[in-house]
Amino acid sequence: KNGSQVHCSVTARLVRDKKGHPVKIIGSLRDISERKRMEESLRQSESQKRAILDASIDRIRYIDKDMKIIWANKTTAMELNMSSKDLVGHTCYKLFVGRETPCEGCPTVMARETGNIERTIMYQPKVEGIEGESYWDTYCVPIKNDAGEIENFLQIARNITDQKRAEEQINMLTHDLIRTQDSERQRM
């Protein structure tokens, strides 16, 4: 077909007479080129999706209703020194903070209850793979079917510890400046 490769599916059956001698072969030949093109297109699309999600600095996880990981991007896995496949079936709260239950203020728990996208800033005294305390801008997107029922969730978490520390430093310096100005006014 116009220089493109043709893929075929062949089926054949040998027909024998009553004595078991071969009489004829019945077969069919079906062009499956379109199916093969669609399969290749799907493979390419999946590869592109993986590359885009793995390039993110955010921890991205696709989880089921029980909050077990179905899929996780490279950033999530690398920070735990695990492969993405090793994360499958685990809950984020067990993997990252060693809890048996979801964290307080968990946006996934809230999204499960409200059916809406939920977002929060979470403080964690200890997170696996990170030195010291940390802050996370975390949100959860419920993934719904055509009937509007939640089937799974997309969790996205960004480590904003440096940003929070910078804000705290600015607040401290601002308060110090105000105190200094007040002292200076009183002295004048």
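First things first, this report covers the structure right here in the doc. (Residues numbered from 1 in each chain as written. Predicted model: local features only at pLDDT ≥ 70, side-chain atom pairs only at ≥ 80, totals over all residues. Heavy atoms only, no water.)

**Focus: the sheet that holds strand β5 (residues 118-124)**
- Ordered in space as β4-β3-β7-β6-β5, the five strands form an open sheet in which the pairing is antiparallel. Only two strands of the sheet have a single partner each, and these edge strands are β4 (69-72) and β5. Pairs of neighbouring strands in the sheet enclose a mean axial angle of 25°, with direction left out of account.
- Against the sheet, helix α5 (residues 107-114) contacts β3 (59-64), β5, β6 (134-144) and β7 (150-159), and its axis sits at roughly 155° relative to β5. (Pairing = 2+ DSSP bridges. Helix = DSSP H or I, 4+ residues; strand = E, 2+ residues; numbered from the N terminus. Axes fitted to C-alpha atoms, helices over the stretch in contact; angles between N-to-C directions. Contact = heavy atoms within 4.5 Å.)

**Describing unusual backbone geometry**
- Positive phi, normally seen in glycine, also occurs at M67, with a value near 65°.
- For M67, the position within the fold is in the loop between β3 and β4.

**Comments concerning the pattern of salt bridges**
- Under the criterion given, the structure shown has 14 salt bridges.
- With a closest N to O distance of 2.4 Å, D137 and R119 form a salt bridge. Within this pair, whereas D137 is found in strand β6, its partner R119 is found in strand β5, the two being separated by 18 residues in sequence.
- For R119, a relative accessible area of 56% corresponds to the exposed category.
- Of the charged contacts in the structure, one is a salt bridge between E184 and R187, with a shortest N-O distance of 2.4 Å. Within this pair, E184 and its partner R187 are both found in helix α6 (residues 161-187), separated by three residues, close to a single helical turn. (Salt bridge = Lys/Arg side-chain N within 4 Å of Asp/Glu carboxyl O. Buried < 20%, exposed > 50% of the residue type's maximum accessible area, 1.4 Å probe, protein only.)

**Notes on the packing of aromatic side chains**
- The final tally for this structure, using the stated rule, is one aromatic pair.
- Here the aromatic rings of Y123 and Y135 are separated by 5.2 Å at their centres, their planes lie at 50°, and the arrangement is tilted. Here Y135 lies in strand β6 and Y123 lies in strand β5, a separation of twelve residues in the sequence.
- We classify Y123 as partly exposed; its relative accessible area is 40%.
- Above the ring of W71, the side-chain terminus of K49 is found at 5.6 Å from the ring centroid. (Phe/Tyr/Trp six-rings, centres within 6.5 Å; stacked < 30°, edge-to-face > 60°. Lys NZ or Arg CZ within 6 Å of the ring centre and 35° of its normal.)

**A few points about the nonpolar core**
- Ranked by size, the top nonpolar core spans 21 residues in total, and within it I69, L87 and F153 carry the most contacts.
- Residue assignment for this core shows that the elements contributing at least two residues are β4, α4 (92-97), β6 and β7.
- No other element matches α4, which puts four residues into this core.
- Once residues lying within four places of it in the same chain are set aside, the contact partners of L87 are I69, A72, T76, A77, L80, M82 and L95. (Core = buried A, V, L, I, M, F, W, Y, C linked by side-chain atoms within 4.5 Å.)

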